[in-house]
Amino acid sequence: MRQKQARKGFHLWALGANWLLAAVAAGTAQAQTPTAAPALPKPTVLGSGYLNPWAIAPLPDKRFLLTERGGKLWLLDAEGRKQSELQGVPKVVDAGQGGLLDVVADSQFASNRRIYFCYSEAGPQAGTNSTALATARMAANERQLEDVKVLFSQRPKAKSNAHFGCRIAETPDGNLFLSLGDRFSQRDDAQTLNNHHGKLVRIAKDGSVPQDNPYATRKDALPEIYSYGHRNSQGLAVAADGSLWQHEHGPQGGDEINRPQPGKNYGWPVITYGEEYGGGKIGEGTQKAGLEQPLHYWVPSIAPSGMAFVSSDRYGPAWKGSLLVGGLKSRSVAQLTVKDGKVTGEKRLYESLGERIRDVRQGADGLVYLLTDGPNGKLIRLVP
(Lines give C-alpha, C1' and ligand atoms only; values in the text may rest on other atoms or scores of the structure.)
Protein backbone atom coordinates (compact mmCIF):
# COMPACT_ATOMS: atom_id res chain seq x y z
CA MET A 1 0.00 0.00 0.00
CA ARG A 2 2.78 2.42 0.91
CA GLN A 3 4.63 1.52 -2.31
CA LYS A 4 1.53 2.34 -4.40
CA GLN A 5 1.17 5.70 -2.62
CA ALA A 6 4.86 6.45 -3.16
CA ARG A 7 4.59 5.62 -6.87
CA LYS A 8 1.47 7.79 -7.18
CA GLY A 9 3.20 10.70 -5.40
CA PHE A 10 6.24 10.44 -7.62
CA HIS A 11 4.00 10.39 -10.71
CA LEU A 12 2.21 13.60 -9.63
CA TRP A 13 5.55 15.28 -8.84
CA ALA A 14 6.88 14.38 -12.30
CA LEU A 15 3.79 15.79 -13.99
CA GLY A 16 4.21 19.05 -12.07
CA ALA A 17 7.90 19.28 -12.87
CA ASN A 18 7.27 18.68 -16.57
CA TRP A 19 4.55 21.35 -16.59
CA LEU A 20 6.91 23.80 -14.89
CA LEU A 21 9.74 23.10 -17.35
CA ALA A 22 7.38 23.52 -20.31
CA ALA A 23 6.12 26.84 -18.94
CA VAL A 24 9.65 28.14 -18.42
CA ALA A 25 10.68 27.03 -21.92
CA ALA A 26 7.66 28.73 -23.46
CA GLY A 27 8.37 31.94 -21.59
CA THR A 28 12.03 31.86 -22.62
CA ALA A 29 11.10 31.28 -26.26
CA GLN A 30 8.61 34.15 -26.12
CA ALA A 31 11.21 36.47 -24.60
CA GLN A 32 13.74 35.55 -27.30
CA THR A 33 11.33 36.16 -30.19
CA PRO A 34 12.47 39.45 -31.80
CA THR A 35 9.99 42.30 -31.83
CA ALA A 36 8.80 42.99 -35.35
CA ALA A 37 10.09 46.24 -36.84
CA PRO A 38 7.44 48.89 -37.48
CA ALA A 39 6.00 48.59 -40.97
CA LEU A 40 7.53 50.96 -43.51
CA PRO A 41 5.09 53.72 -44.49
CA LYS A 42 3.30 52.72 -47.68
CA PRO A 43 4.11 54.73 -50.82
CA THR A 44 0.83 55.74 -52.45
CA VAL A 45 0.86 57.45 -55.86
CA LEU A 46 -1.39 60.51 -55.81
CA GLY A 47 -0.68 61.87 -59.28
CA SER A 48 1.46 61.01 -62.29
CA GLY A 49 2.22 62.30 -65.76
CA TYR A 50 4.04 65.42 -64.59
CA LEU A 51 6.65 66.40 -67.20
CA ASN A 52 10.13 66.54 -65.61
CA PRO A 53 8.88 67.89 -62.26
CA TRP A 54 11.46 69.48 -59.99
CA ALA A 55 9.82 70.64 -56.78
CA ILE A 56 6.66 70.55 -54.69
CA ALA A 57 5.62 73.20 -52.18
CA PRO A 58 3.01 72.13 -49.61
CA LEU A 59 0.41 74.80 -48.87
CA PRO A 60 -1.30 75.36 -45.49
CA ASP A 61 -4.64 74.04 -46.81
CA LYS A 62 -2.99 70.72 -47.79
CA ARG A 63 -2.78 71.56 -51.48
CA PHE A 64 0.51 71.84 -53.39
CA LEU A 65 2.43 73.86 -55.92
CA LEU A 66 4.50 71.87 -58.40
CA THR A 67 7.12 73.02 -60.89
CA GLU A 68 7.90 71.36 -64.20
CA ARG A 69 11.37 72.10 -65.52
CA GLY A 70 10.00 73.30 -68.86
CA GLY A 71 8.51 76.36 -67.16
CA LYS A 72 5.05 75.39 -65.92
CA LEU A 73 3.85 76.03 -62.38
CA TRP A 74 0.83 73.97 -61.30
CA LEU A 75 -1.60 74.27 -58.43
CA LEU A 76 -2.60 70.78 -57.27
CA ASP A 77 -5.42 69.77 -54.98
CA ALA A 78 -4.80 67.77 -51.79
CA GLU A 79 -4.82 64.52 -53.77
CA GLY A 80 -2.29 65.62 -56.39
CA ARG A 81 -4.74 66.46 -59.17
CA LYS A 82 -4.01 69.50 -61.33
CA GLN A 83 -6.34 72.40 -60.53
CA SER A 84 -4.80 75.11 -62.68
CA GLU A 85 -1.61 76.26 -64.38
CA LEU A 86 -0.49 79.52 -62.84
CA GLN A 87 0.28 82.09 -65.54
CA GLY A 88 2.93 84.79 -65.22
CA VAL A 89 6.06 82.68 -64.68
CA PRO A 90 9.08 84.50 -66.20
CA LYS A 91 10.69 82.96 -69.28
CA VAL A 92 13.13 80.21 -68.29
CA VAL A 93 16.11 78.68 -70.07
CA ASP A 94 14.87 75.12 -70.56
CA ALA A 95 18.12 73.40 -71.46
CA GLY A 96 20.23 70.73 -69.82
CA GLN A 97 19.72 70.93 -66.07
CA GLY A 98 18.12 74.37 -66.33
CA GLY A 99 14.50 75.46 -66.29
CA LEU A 100 11.90 76.23 -63.63
CA LEU A 101 13.32 74.59 -60.53
CA ASP A 102 12.50 75.12 -56.84
CA VAL A 103 9.37 76.67 -55.33
CA VAL A 104 8.43 77.33 -51.69
CA ALA A 105 5.47 79.02 -50.03
CA ASP A 106 6.05 81.94 -47.67
CA SER A 107 5.67 81.05 -43.99
CA GLN A 108 2.74 83.51 -43.93
CA PHE A 109 1.18 82.21 -47.16
CA ALA A 110 -2.25 81.80 -45.55
CA SER A 111 -2.48 85.58 -45.23
CA ASN A 112 -0.18 86.95 -47.96
CA ARG A 113 -0.42 84.21 -50.68
CA ARG A 114 3.25 84.84 -51.51
CA ILE A 115 5.63 82.31 -53.01
CA TYR A 116 9.31 82.19 -53.98
CA PHE A 117 10.71 80.30 -56.95
CA CYS A 118 14.06 79.99 -58.71
CA TYR A 119 14.90 79.26 -62.33
CA SER A 120 17.57 79.54 -65.01
CA GLU A 121 17.52 83.08 -66.38
CA ALA A 122 18.93 84.05 -69.79
CA GLY A 123 21.82 86.51 -69.90
CA PRO A 124 22.35 89.40 -72.34
CA GLN A 125 24.87 87.45 -74.42
CA ALA A 126 23.77 84.45 -76.48
CA GLY A 127 24.01 81.17 -74.58
CA THR A 128 24.67 82.75 -71.18
CA ASN A 129 22.46 82.19 -68.15
CA SER A 130 22.42 81.92 -64.38
CA THR A 131 20.12 81.16 -61.45
CA ALA A 132 17.54 83.76 -60.47
CA LEU A 133 15.21 83.96 -57.45
CA ALA A 134 11.81 85.60 -57.83
CA THR A 135 8.74 86.21 -55.70
CA ALA A 136 5.07 86.54 -56.63
CA ARG A 137 1.60 86.50 -55.13
CA MET A 138 -0.97 83.91 -56.17
CA ALA A 139 -4.03 85.77 -57.40
CA ALA A 140 -7.45 85.23 -55.84
CA ASN A 141 -8.62 83.40 -58.97
CA GLU A 142 -5.76 80.90 -58.43
CA ARG A 143 -4.82 81.05 -62.11
CA GLN A 144 -2.34 83.90 -62.19
CA LEU A 145 0.81 85.18 -60.50
CA GLU A 146 0.69 88.83 -59.48
CA ASP A 147 3.38 91.28 -58.39
CA VAL A 148 6.20 89.17 -59.88
CA LYS A 149 9.62 90.51 -58.85
CA VAL A 150 13.14 89.17 -59.36
CA LEU A 151 14.87 89.40 -55.98
CA PHE A 152 18.30 88.05 -56.92
CA SER A 153 20.30 87.07 -60.02
CA GLN A 154 23.48 85.03 -59.82
CA ARG A 155 26.45 86.71 -61.43
CA PRO A 156 28.30 86.51 -63.62
CA LYS A 157 26.23 84.78 -66.30
CA ALA A 158 27.98 81.77 -67.82
CA LYS A 159 27.73 79.66 -70.94
CA SER A 160 26.65 76.46 -69.21
CA ASN A 161 23.52 74.35 -68.90
CA ALA A 162 24.63 72.58 -65.72
CA HIS A 163 24.94 73.08 -61.95
CA PHE A 164 22.30 75.71 -61.23
CA GLY A 165 21.85 74.61 -57.61
CA CYS A 166 18.54 76.39 -56.96
CA ARG A 167 17.07 75.26 -53.63
CA ILE A 168 15.34 77.81 -51.43
CA ALA A 169 14.78 77.84 -47.67
CA GLU A 170 13.17 80.38 -45.37
CA THR A 171 14.69 80.42 -41.89
CA PRO A 172 12.91 81.43 -38.66
CA ASP A 173 14.43 84.95 -38.84
CA GLY A 174 12.43 85.53 -42.03
CA ASN A 175 15.40 85.57 -44.42
CA LEU A 176 15.80 83.47 -47.55
CA PHE A 177 18.66 81.16 -48.46
CA LEU A 178 19.37 80.14 -52.06
CA SER A 179 21.91 77.50 -53.08
CA LEU A 180 23.95 78.22 -56.20
CA GLY A 181 25.96 75.74 -58.26
CA ASP A 182 29.46 76.28 -59.61
CA ARG A 183 28.11 76.05 -63.20
CA PHE A 184 30.41 73.03 -63.79
CA SER A 185 32.80 74.88 -66.09
CA GLN A 186 33.52 77.56 -63.47
CA ARG A 187 34.35 75.36 -60.51
CA ASP A 188 37.44 77.30 -59.39
CA ASP A 189 35.15 80.31 -58.83
CA ALA A 190 33.74 78.49 -55.80
CA GLN A 191 36.86 79.58 -53.90
CA THR A 192 36.68 83.30 -54.70
CA LEU A 193 34.26 85.85 -53.29
CA ASN A 194 33.83 88.16 -56.28
CA ASN A 195 31.19 85.92 -57.88
CA HIS A 196 28.17 83.79 -56.93
CA HIS A 197 29.39 80.48 -58.39
CA GLY A 198 29.43 77.64 -55.86
CA LYS A 199 27.94 79.77 -53.10
CA LEU A 200 25.10 79.79 -50.60
CA VAL A 201 23.51 83.24 -50.53
CA ARG A 202 21.24 84.89 -47.97
CA ILE A 203 18.86 87.75 -48.69
CA ALA A 204 15.83 89.40 -47.12
CA LYS A 205 12.39 88.85 -48.61
CA ASP A 206 12.58 92.19 -50.43
CA GLY A 207 15.91 91.26 -52.04
CA SER A 208 18.05 93.43 -49.77
CA VAL A 209 21.16 92.16 -47.98
CA PRO A 210 20.83 91.43 -44.24
CA GLN A 211 23.25 93.59 -42.27
CA ASP A 212 24.64 90.58 -40.42
CA ASN A 213 25.70 88.72 -43.57
CA PRO A 214 29.40 87.83 -43.20
CA TYR A 215 30.49 89.92 -46.23
CA ALA A 216 27.89 92.69 -46.06
CA THR A 217 30.51 95.41 -45.55
CA ARG A 218 33.49 93.98 -47.45
CA LYS A 219 34.34 95.65 -50.74
CA ASP A 220 36.22 92.62 -52.08
CA ALA A 221 33.25 90.22 -51.76
CA LEU A 222 29.66 90.05 -52.96
CA PRO A 223 27.46 90.91 -49.98
CA GLU A 224 24.84 88.20 -50.53
CA ILE A 225 27.38 85.39 -49.95
CA TYR A 226 26.83 83.41 -46.75
CA SER A 227 29.18 80.44 -47.29
CA TYR A 228 31.30 79.19 -50.18
CA GLY A 229 33.28 76.28 -51.57
CA HIS A 230 30.11 74.43 -52.65
CA ARG A 231 29.75 72.42 -55.86
CA ASN A 232 26.08 71.99 -56.75
CA SER A 233 23.58 72.02 -53.91
CA GLN A 234 20.04 70.78 -54.56
CA GLY A 235 18.94 70.35 -50.96
CA LEU A 236 18.20 72.77 -48.12
CA ALA A 237 16.18 72.01 -44.98
CA VAL A 238 15.56 73.73 -41.66
CA ALA A 239 15.74 71.56 -38.52
CA ALA A 240 13.44 71.85 -35.52
CA ASP A 241 16.05 73.98 -33.73
CA GLY A 242 16.09 76.46 -36.62
CA SER A 243 19.47 75.40 -38.00
CA LEU A 244 19.97 75.17 -41.77
CA TRP A 245 21.18 71.93 -43.34
CA GLN A 246 22.46 71.58 -46.89
CA HIS A 247 23.47 68.78 -49.20
CA GLU A 248 25.40 68.98 -52.43
CA HIS A 249 26.46 66.82 -55.34
CA GLY A 250 30.05 65.68 -55.38
CA PRO A 251 31.72 64.77 -58.68
CA GLN A 252 32.25 61.00 -58.95
CA GLY A 253 31.63 60.27 -55.26
CA GLY A 254 31.78 62.79 -52.45
CA ASP A 255 28.16 63.93 -52.13
CA GLU A 256 27.97 65.86 -48.84
CA ILE A 257 25.74 66.92 -45.96
CA ASN A 258 26.73 70.20 -44.26
CA ARG A 259 25.37 72.66 -41.73
CA PRO A 260 26.54 75.89 -43.39
CA GLN A 261 27.92 78.57 -41.09
CA PRO A 262 28.49 82.24 -42.01
CA GLY A 263 31.75 82.89 -43.81
CA LYS A 264 32.89 79.26 -43.78
CA ASN A 265 34.61 77.58 -46.74
CA TYR A 266 33.35 74.06 -47.54
CA GLY A 267 36.28 73.14 -49.70
CA TRP A 268 35.23 72.56 -53.30
CA PRO A 269 37.28 72.03 -55.44
CA VAL A 270 40.33 72.12 -53.13
CA ILE A 271 39.16 69.16 -51.03
CA THR A 272 36.61 66.48 -51.87
CA TYR A 273 35.87 62.83 -51.20
CA GLY A 274 35.10 62.39 -54.90
CA GLU A 275 37.22 62.16 -58.02
CA GLU A 276 37.10 63.27 -61.64
CA TYR A 277 34.56 61.55 -63.87
CA GLY A 278 36.40 58.53 -65.22
CA GLY A 279 38.95 58.70 -62.41
CA GLY A 280 41.66 61.12 -61.30
CA LYS A 281 42.39 63.19 -58.21
CA ILE A 282 40.74 66.56 -57.65
CA GLY A 283 42.45 69.26 -55.61
CA GLU A 284 44.62 68.49 -52.60
CA GLY A 285 42.87 65.50 -51.03
CA THR A 286 40.10 65.16 -48.49
CA GLN A 287 41.25 67.56 -45.74
CA LYS A 288 43.03 70.89 -45.43
CA ALA A 289 43.36 73.34 -42.56
CA GLY A 290 40.76 76.09 -42.67
CA LEU A 291 38.35 74.12 -44.86
CA GLU A 292 35.24 72.53 -43.38
CA GLN A 293 34.62 68.78 -43.26
CA PRO A 294 31.16 67.42 -44.17
CA LEU A 295 28.93 65.98 -41.48
CA HIS A 296 28.24 63.03 -43.75
CA TYR A 297 29.28 62.01 -47.25
CA TRP A 298 28.57 59.31 -49.82
CA VAL A 299 31.04 57.28 -51.85
CA PRO A 300 29.80 56.21 -54.34
CA SER A 301 27.43 59.09 -55.05
CA ILE A 302 23.70 58.88 -54.53
CA ALA A 303 23.11 62.14 -56.50
CA PRO A 304 21.04 63.81 -53.76
CA SER A 305 18.07 66.03 -54.57
CA GLY A 306 15.45 67.34 -52.17
CA MET A 307 15.64 67.02 -48.40
CA ALA A 308 13.29 67.34 -45.44
CA PHE A 309 13.27 66.83 -41.69
CA VAL A 310 10.44 64.77 -40.21
CA SER A 311 9.01 66.94 -37.46
CA SER A 312 5.53 65.40 -37.13
CA ASP A 313 4.41 62.46 -34.99
CA ARG A 314 2.64 60.72 -37.87
CA TYR A 315 5.33 58.05 -38.26
CA GLY A 316 6.18 57.46 -34.63
CA PRO A 317 9.41 58.05 -32.69
CA ALA A 318 11.56 56.01 -35.08
CA TRP A 319 11.07 58.62 -37.81
CA LYS A 320 10.61 61.85 -35.87
CA GLY A 321 13.67 64.06 -36.14
CA SER A 322 15.22 62.06 -38.97
CA LEU A 323 16.47 63.69 -42.17
CA LEU A 324 15.17 62.31 -45.47
CA VAL A 325 17.28 62.81 -48.61
CA GLY A 326 16.09 61.96 -52.11
CA GLY A 327 18.49 60.03 -54.32
CA LEU A 328 18.51 60.34 -58.12
CA LYS A 329 21.28 57.90 -58.96
CA SER A 330 20.55 55.63 -55.98
CA ARG A 331 16.80 55.64 -56.75
CA SER A 332 16.04 55.62 -53.05
CA VAL A 333 15.44 57.75 -49.98
CA ALA A 334 18.30 57.99 -47.50
CA GLN A 335 16.95 58.23 -43.94
CA LEU A 336 19.60 59.81 -41.73
CA THR A 337 19.48 59.61 -37.95
CA VAL A 338 20.44 62.96 -36.43
CA LYS A 339 21.54 63.53 -32.84
CA ASP A 340 23.11 66.64 -31.31
CA GLY A 341 23.69 68.18 -34.72
CA LYS A 342 25.46 65.12 -36.11
CA VAL A 343 24.52 62.30 -38.48
CA THR A 344 24.71 59.05 -36.52
CA GLY A 345 23.20 56.50 -38.90
CA GLU A 346 21.69 55.87 -42.31
CA LYS A 347 19.10 53.57 -43.89
CA ARG A 348 18.17 53.28 -47.56
CA LEU A 349 14.42 53.19 -48.14
CA TYR A 350 12.08 52.68 -51.10
CA GLU A 351 14.68 51.23 -53.45
CA SER A 352 11.96 48.90 -54.72
CA LEU A 353 10.19 51.87 -56.31
CA GLY A 354 12.97 52.07 -58.89
CA GLU A 355 12.39 55.83 -59.18
CA ARG A 356 14.75 58.82 -59.24
CA ILE A 357 13.65 60.87 -56.21
CA ARG A 358 13.78 64.56 -57.15
CA ASP A 359 12.15 66.18 -54.10
CA VAL A 360 11.15 65.33 -50.51
CA ARG A 361 8.78 67.50 -48.44
CA GLN A 362 6.67 67.24 -45.31
CA GLY A 363 3.12 68.41 -45.93
CA ALA A 364 0.71 70.46 -43.82
CA ASP A 365 -0.87 67.15 -42.74
CA GLY A 366 2.44 65.97 -41.26
CA LEU A 367 2.91 63.33 -43.95
CA VAL A 368 5.94 63.00 -46.21
CA TYR A 369 5.67 63.45 -49.96
CA LEU A 370 8.10 62.32 -52.65
CA LEU A 371 8.38 63.69 -56.17
CA THR A 372 9.95 61.47 -58.82
CA ASP A 373 12.01 62.66 -61.76
CA GLY A 374 11.45 62.18 -65.47
CA PRO A 375 8.86 62.54 -68.25
CA ASN A 376 6.27 60.68 -66.19
CA GLY A 377 6.92 62.19 -62.78
CA LYS A 378 4.87 61.01 -59.82
CA LEU A 379 3.73 62.58 -56.56
CA ILE A 380 3.87 59.95 -53.81
CA ARG A 381 2.43 60.13 -50.30
CA LEU A 382 4.03 57.99 -47.57
CA VAL A 383 1.09 56.57 -45.60
CA PRO A 384 1.76 55.32 -42.05
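Keep in mind that this is a model prediction, so the values were computed, not measured.

So, how was this worked out
Residues numbered from 1 in each chain as written. Predicted model: local features only at pLDDT ≥ 70, side-chain atom pairs only at ≥ 80, totals over all residues. Heavy atoms only, no water. Helix = DSSP H or I, 4+ residues; strand = E, 2+ residues; numbered from the N terminus. Rg over C-alpha atoms; globule rule 2.2 N^0.38 Å. Contact = heavy atoms within 4.5 Å. Areas by Shrake-Rupley, 256 points an atom, 1.4 Å probe, with all protein chains shown as cover. Buried < 20%, exposed > 50% of the residue type's maximum accessible area, 1.4 Å probe, protein only. Pairing = 2+ DSSP bridges. 1 Å grid on protein atoms, 1.4 Å probe; cavity = no way out; pocket = protein on both sides within 12 Å on 5 of 7 lines; lining within 4 Å. Points joined across faces, edges and corners; volume = space filled by probe spheres on them. Nonpolar A, V, L, I, M, F, W, Y, C, P; charged D, E, K, R; others polar. Salt bridge = Lys/Arg side-chain N within 4 Å of Asp/Glu carboxyl O.

**Re the overall build of the chain**
Looking only at helices and strands, the chain features two helices and 24 strands. Relative to the compact-globule value of 21 Å for 384 residues, the chain shows a C-alpha radius of gyration of 26 Å, a clear excess of over 25%. Taking the contacts inside the chain whose residues are at least 6 apart along the sequence as the reference set, 56% of them involve residues at least 24 apart. Entry remark: accessible area of the chain is about 17600 Å², with carbon and sulfur atoms responsible for 51%.

**A closer look at the pairing of strand β4 (residues 72–76)**
Each regular strand carries side chains that alternate between the two faces of the sheet. Where burial is concerned, most of β4 is hidden: four out of the five residues are buried. Counting the residues that bridge the hairpin from strand β3 (residues 64–68) to β4 gives three residues, and of these G71 lies at a positive phi of roughly 125 degrees. Bridge analysis of β4 against strand β5 (residues 82–85) gives three bridges, and the strand direction is antiparallel. Looking at β5, one finds that W74 is bridged to E85. The turn joining β4 and β5, which pair antiparallel and follow one another in sequence, is formed by five residues; a positive phi near 85 degrees is taken by G80.

**Overview of empty space enclosed by the protein**
Under the defined criterion, the tally for this structure stands at one cavity of 30 Å³ or more. Of the pockets and cavities examined, the largest cavity occupies roughly 30 Å³. Here the residues of the lining of the largest cavity are counted per class, giving two nonpolar, four polar and three charged.

**Quick look at the pattern of salt bridges**
All chains considered together, the criterion is met by 27 salt bridges. Between D102 and R361 there is a salt bridge, and its shortest N-O distance comes to 2.6 Å. Linking D102 in strand β6 (residues 100–105) with R361 in strand β22 (residues 357–362), this pair joins segments that are 259 residues apart in sequence. Note that D359 and R167 form a salt bridge whose closest N and O atoms lie 3.4 Å from each other. Taken as a pair, D359 in strand β22 and R167 in the loop between β9 (145–153) and β10 (168–170) lie far apart in primary sequence, 192 residues in all.

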